[in-house]
There are 2 protein chains.
Amino acid sequence: MAAAHTVAPSAPSSVSLGPAVALSCRECGERVPLGPVFACASCFGPLETAYRFPDEDPQALRRRIEAGPASIWRYAPLLPVPADVADRPNLNPGFTKLVRAGNLARELGVTGGLFIKDDSGNPTHSFKDRVVAIAVEAARAFGFTTLSCSSTGNLAGAVGAAAARAGLRSCVFIPHDLEAGKVVMAAVYGGDLVGIEGSYDDVNRFCSELIGDPLGEGWGFVNVNLRPYYAEGSKTLAYEICEQLGWQLPDQIVVPIASGSQLTKIDKGLRELIALGLVEDRPYRIFGAQAEGCSPVSRAFKDGHDVVRPVRPDTIAKSLAIGNPADGPYVLDIARRTGGAVEDVTDPEITDAIRLLARTEGIFAETAGGVTVGVTRKLIAFGQLDPSLTTVVLNTGDGLKTLDAVAGGPTVVIRPSLEAFRAVEL
Amino acid sequence: MAAAHTVAPSAPSSVSLGPAVALSCRECGERVPLGPVFACASCFGPLETAYRFPDEDPQALRRRIEAGPASIWRYAPLLPVPADVADRPNLNPGFTKLVRAGNLARELGVTGGLFIKDDSGNPTHSFKDRVVAIAVEAARAFGFTTLSCSSTGNLAGAVGAAAARAGLRSCVFIPHDLEAGKVVMAAVYGGDLVGIEGSYDDVNRFCSELIGDPLGEGWGFVNVNLRPYYAEGSKTLAYEICEQLGWQLPDQIVVPIASGSQLTKIDKGLRELIALGLVEDRPYRIFGAQAEGCSPVSRAFKDGHDVVRPVRPDTIAKSLAIGNPADGPYVLDIARRTGGAVEDVTDPEITDAIRLLARTEGIFAETAGGVTVGVTRKLIAFGQLDPSLTTVVLNTGDGLKTLDAVAGGPTVVIRPSLEAFRAVEL
């Protein structure tokens, strides 16, 4: 990233994003005003949103949240969004089901309560709707008129849909050789969709160049110059899980790792709930899940390293295929601090876990959900995940978007006659 | 249908399905005990569920509903399900978003408030989860161990998923030449999936034979011998729309027509809310929407006929492609009684309407949603739908399942350079 993007731009001097008061550097702690910046001017560390939270009795705050809308906006007092966010045209994502997975628990031998946080219930059927919804509010606050991103699929659909509802223009950049299904969904919302001849990394680099160019003026790139806001959307997964467990922390939580941002923000969300007195402070363990074909964080965890060595991804779990995960080191910190772990599964194990979840709970997950369920099974077998404790496993996407992973046909094909059916062994 | 299926079977003598007390014939009014039967033994008319509803102050009942779960089970007091239904393992469908469609309203010139009831938010992304969830409870009550159906797609997925969660076996019958995506989803839940060499009508006929055969013993066919319960699930669309409008009837509602069951049950639901005092009694209009390539009800409506002449379907709206809709005559009654209409749109109009809804509201509908949005636009143009009144349009499915309808690619493909992007005109 070029140094030019690390200085504060000419953003409105007083931006109203609810309890957000500044951006602060995760590395050196330096604070800068709210604006479309993402890297610290002093040390180049990542900027994240800093808050002044309501000084409110926890019981009163819980009641206020519970009386709110059935979306992430019930947590508006804890997010970088204006107080009236629920009245603005947006996709109102979140507050997805926390499914008690009794059948799966029996198969895996989990006795302490097993839950799937099923984010396929979001408007475009992935958790990306959460982060994009926050980015939309930041884009509005900073006066951006075009919403943009680089994407390999889920994010493209989420940005296209969110921009359409919000009345913003969208221009999304994707590798030119994406699966047809993802391309159709990304295109249907009517924004501009630009195919780039190159890999996802090439698309990313191109977007970084575009931000510094006059061509990109007025453009909010949700996962680049709006990233400090965007990333906060993942905190809502932590909030919802705790509220849905009756304002309790889960003992164990299994989270997929792409850039690692989601896992670090879930940890941030849990710590905020503790600090605010909304849940009782007790230990929790966070586990990270990767595909073996893109497992740099898992490898570093197992090798006891603090540094994550980039890899070239080769896995069916394309939504997790980031070879150089920006938040990898933070993930390692969190897994070690909380007594969790990072583990990976092979592509066949991913497919098998997708089928297991579908067969036991009627949830058709995308490959990322196969990764978390598969890793959960492995962690139990290795004795790293305690089956007697309450465990929450994230499914962040929808099987309809990754059909190839489980391609299959009818058990049998017959003529429409009882005789033909009688001859079949099912 | 054979007469053998019209007599009451050896069902448990006292079945507990909440407020449901009997089945009654829609034609002659004859009552029979609750059981897995679907046609009147006297006149062969369709049986439907009859209730004894709670004698409760409307305000108290509203509060009880509002305090219930965020699923169709909040209306358990008005459905043929046990009182503890929410505690049983099931998919908890419903309470999907009622989206205020401000952008679409501006494009269509609707000033009275335009809403999309977006059932793509259900667990398997179609309204079928509602009806199947009710059928699962009936299947349990009657001691069935296998859940079955004939389907062209959405229902197959809904039955497979619901059976998996409920711990029932499933065996689903589909035409052997369905689109790959629908087959993959139907197969992933691990039940038996049987391809039938023939059309959907052949599959249906085969299922009717199977019910009368020992091979089908212990099988609940959700849309055949469990149909009187199954169909009631569509009432919840009416309940939710009114509750989400602040316990008000919509002035106008646009509903897709396949068998016509959904539209008749929505009307039933609205009348129940009026009878129970949950909404104020005032006129409402119900409009039916078909694809031109399968528009027998629309034709009968326009021709002033009471009888619906079967057609051979030929449309991209496959989930609505029922050429001989069983509830067609009831639909005609309701459209005429309420001052509504039945209209149809061509396949290109369907595709265009899918894109319109996506572009304005960020909702990616399946072809059935293109039909309702397209018909709404047409009804406004023809002066049959009053744009100054509150209007609710149903989207009953998900665009990810009918990608071919809107196949498209990137606006442009370029090399990853600013020069290349500068040369593009977007």
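Residues numbered from 1 in each chain as written. Chains lettered and ligands numbered in written order. Predicted model: local features only at pLDDT ≥ 70, side-chain atom pairs only at ≥ 80, totals over all residues. Heavy atoms only, no water.

**With respect to the domain arrangement of chain A**
Residues and elements named next belong to chain A.
Here comes step 1: You can read the domains of chain A as domain 1 (1–52) and domain 2 (98–125 + 232–406).
Here comes step 2: Together, the buried faces of domain 1 and domain 2 total about 540 Å²; carbon and sulfur atoms form 37% of this surface.
Here comes step 3: Sorting the residues of domain 1 by area buried against domain 2 places Arg26, Glu48 and Tyr51 first, and these three jointly supply 74% of that buried surface.
Here comes step 4: Applying the counting rule to domain 1 against domain 2 returns one salt bridge.
Here comes step 5: Across the salt bridge formed by Glu48 and Lys265, the nearest N and O atoms sit 3.0 Å from each other.
Here comes step 6: Counting the contacts that link domain 1 with domain 2 gives five residue pairs in polar contact (both at pLDDT 80 or more). (Domains from an automatic or database assignment. Buried area = accessible area lost by both parts, 1.4 Å probe. Salt bridge = Lys/Arg side-chain N within 4 Å of Asp/Glu carboxyl O. Polar contact = N/O pair within 3.5 Å; in protein donor to acceptor, adjacent residues only side chain to side chain.)

**Examining the sheet that holds strand S4 (residues 98–100) of chain B**
Either a parallel or an antiparallel arrangement is found when strands of a sheet pair, and the pairing is made through backbone hydrogen bonds.
Residue and element names in this part refer to chain B.
Here comes step 1: With mixed pairing, the six strands of this open sheet are ordered in space as S4-S5-S13-S10-S11-S12. The open sheet has two free edges, formed respectively by S4 and strand S12 (342–345), since each of these has just one partner strand. On average, each strand axis in the sheet is inclined to that of its neighbour by 25°, with strand direction left out of account.
Here comes step 2: Pairing geometry for strand S11 (residues 285–291) and S12, over four bridges, is parallel. Paired with Ala291 across the bridge in S12 is Val345. (Pairing = 2+ DSSP bridges. Helix = DSSP H or I, 4+ residues; strand = E, 2+ residues; numbered from the N terminus. Axes fitted to C-alpha atoms, helices over the stretch in contact; angles between N-to-C directions.)

**Observations regarding the relation of the copies chain B and chain A**
Here comes step 1: Mapping chain B onto chain A calls for a screw motion: a turn of 180° about the axis and a shift of 0.0 Å along it, with 0.0 Å RMSD after fitting. Put plainly, the chains are arranged around a two-fold axis. Residue Gly121 of chain B of chain B places its C-alpha closer to the rotation axis than any other residue of that unit, at 2.9 Å.
Here comes step 2: Most of the interface of chain B is mirrored in chain A, where 98% of its interface residues are also at the interface. (Least-squares fit on C-alpha atoms with pLDDT ≥ 70 in both. Contact = heavy atoms within 4.5 Å.)

**Digging into the pattern of salt bridges**
Opposite charge on two side chains permits them to pair, given that their charged atoms come into close proximity.
Residues and elements named next belong to chain A.
Here comes step 1: In total, this model carries 56 salt bridges over all chains according to the counting rule given.
Here comes step 2: Measuring nitrogen to oxygen at the nearest pair gives 2.7 Å for the salt bridge that ties Lys265 to Glu232. Placement of Lys265 in helix H9 (residues 261–275) and of Glu232 in the loop between helix H7 (227–230) and helix H8 (235–244) is noted, with a sequence separation of 33 residues between them. Accessibility assignment for this pair places Lys265 and Glu232 in one class, buried.
Here comes step 3: A salt bridge links Lys302 to Glu343; the nearest nitrogen and oxygen atoms lie 2.7 Å apart. Of the two residues, Lys302 is situated in helix H10 (residues 296–303) and Glu343 in strand S12 (residues 342–345); the sequence distance between them amounts to 41 residues.
Here comes step 4: Taking relative accessible area as the criterion, Lys302 reaches 47% and is therefore assigned partly exposed.
Here comes step 5: We classify Glu343 as buried; its relative accessible area is 4%. (Buried < 20%, exposed > 50% of the residue type's maximum accessible area, 1.4 Å probe, protein only.)

**Some thoughts on the pairing of strand S1 (residues 20–25) of chain A**
All names here are of chain A.
Here comes step 1: Among the six residues in S1, five count as buried, and that is most of the element.
Here comes step 2: Pairing of S1 with strand S3 (residues 47–51), which is carried by five bridges, proceeds in the antiparallel orientation. Counterpart to Ser24 in the pairing with S3 is Glu48.
Here comes step 3: Of the strand pairs in this sheet, S1 and strand S2 (residues 31–32) are connected by two bridges, and their pairing is antiparallel. Note that in S2 the partner of Ser24 across the bridge is Arg31.
Here comes step 4: Turn length for the S1-S2 hairpin, with the two strands adjacent in sequence and antiparallel, is five residues, and the turn residue Gly29 shows positive phi of about 80°.

**Here we look at helix H6 (residues 200–211) of chain A**
Here comes step 1: The terminal C-alpha atoms of H6 of chain A, which comprises 12 residues, lie 17 Å apart, in line with the 16 Å expected from a rise of 1.5 Å per residue.
Here comes step 2: Those residues of H6 of chain A that sit buried are Tyr200, Val203, Phe206, Cys207, Leu210 and Ile211 of chain A. Relative to the axis of H6 of chain A, the buried residues are bounded by an arc of 140° and lie together on one face.
Here comes step 3: If you follow the buried residues of H6 of chain A, they end up packed against strand S6 (146–150), strand S7 (169–175), strand S8 (192–196) and strand S9 (219–221) of chain A together with strand S14 (412–414) and helix H14 (418–422) of chain B. (Expected span 1.5 Å × (residues − 1). Arc of directions from axis to C-beta.)

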